[in-house]
Amino acid sequence: MTISENQLATRLKAIGERLRALRLQQNLSQQALAERVGVSLKTVSNAEDQGRISLETLLRLLDGLGQLDRVDSWLAADEVSPIALLERKGRPRQRAHSRKSAADWEW
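As the structure is a computational prediction, the values presented were derived from the model and not from experiment. All residue numbers refer to positions counted from 1 along the written sequence of the respective chain. The predicted nature of this model means local features are confined to residues of pLDDT at least 70 and side-chain atom pairs, given and counted, to a pLDDT of 80 or more, with totals for whole chains, interfaces and linings taken over all residues. The side-chain figures draw on all heavy atoms in the structure; neither hydrogens nor water molecules are used.

## Topic: the packing of helix 1 (residues 5-25) against helix 3 (residues 41-50)
Axis lines are fitted through C-alpha atoms, for helices just across the contact stretch, and the angle between N-to-C directions can take any value from 0 to 180 degrees. In this text, helices come from DSSP runs of H or I with a minimum length of four residues, and strands from runs of E with a minimum of two, each type numbered from the N-terminal end. It is the contact of helix 1 with helix 3, at a shortest axis distance of 5 Å, that shows an interaxial angle of 120°. The orientation of helix 1 relative to helix 3 falls into the category oblique. Packed against helix 1, whose contacting residues are Leu12, Lys13, Gly16, Glu17, Leu19, Arg20 and Arg23, the element helix 3 presents Ala47, Glu48, Asp49 and Gln50 at the interface. Lys, Arg, Asp and Glu make up the charged group, whereas Ala, Val, Leu, Ile, Met, Phe, Trp, Tyr, Cys and Pro make up the nonpolar group; the residues left over, Gly among them, are polar. Residues belonging to the contact of helix 1 with helix 3 are distributed by class as follows: three nonpolar, two polar and six charged. Note on terminology: angles under 35 degrees are roughly parallel, angles over 145 are roughly antiparallel, angles of 65 to 115 are roughly perpendicular, and the others are oblique. Contacts were defined at the residue level, with two residues in contact if any of their heavy atoms lie within 4.5 Å.

Laid out in structure tokens, this is it:
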């Protein structure tokens, strides 16, 4: 599944709106937030207006707004089932493999 341009634009706009709401909840100006995290005023403005910012800048802004811990919950490792651990003999998965049926092979 691939995200459409419309879906992408909608999500980027939502990120910008959420950043603006978080900043305003803390009664911070764009300039104050920019100085707090070490980015330019234009960067904060672009983030809020368009949501088009680098991942590094997003993390800096979230840190400056005291919201970086929300990212940590998303980054938490998924639990691996005990059966999967047994099948892999306790080793973590390192590659993805496609499953080919006999009909997919060419001779």
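## Section: the nonpolar core
Side-chain atoms within 4.5 Å link the members of a nonpolar core, which is a set of buried Ala, Val, Leu, Ile, Met, Phe, Trp, Tyr and Cys residues. Buried, partly exposed and exposed residues are distinguished by accessible area as a fraction of the type maximum, computed with a 1.4 Å probe on protein chains only: under 20%, between the cut-offs, and over 50%, respectively. With 14 residues, the main nonpolar core has Leu19, Leu33, Val39, Val44, Leu61, Leu62 and Leu65 as its most contacted residues. Only helix 1, helix 2 (30-37), helix 3 and helix 4 (55-64) provide two or more residues apiece to this core.

## Thoughts on unusual backbone geometry
Of note, the phi angle at Asn27 is positive, near 55°, even though the residue is not glycine. Here Asn27 shows up in the loop between helix 1 and helix 2.

## Describing empty space enclosed by the protein
Grid spacing is 1 Å over the protein atoms alone, the probe is 1.4 Å, and a cavity is where that probe fits but cannot get out, while a pocket is an open set with protein on both sides within 12 Å along at least five of seven lines and lining residues have an atom within 4 Å of a point. Grid points are joined across faces, edges and corners, and a volume is the space filled by probe spheres set on the points. On inspection of all chains with the given rule, the structure shows one cavity of 30 Å³ or more. Taken together, Leu19, Leu33, Val44, Ala47, Glu48, Leu61 and Leu65 make up the full set of residues lining the largest cavity. The dominant element in the lining of the largest cavity, judged by the number of residues it contributes, is helix 3, at three residues. Residues belonging to the lining of the largest cavity are distributed by class as follows: six nonpolar, no polar and one charged.

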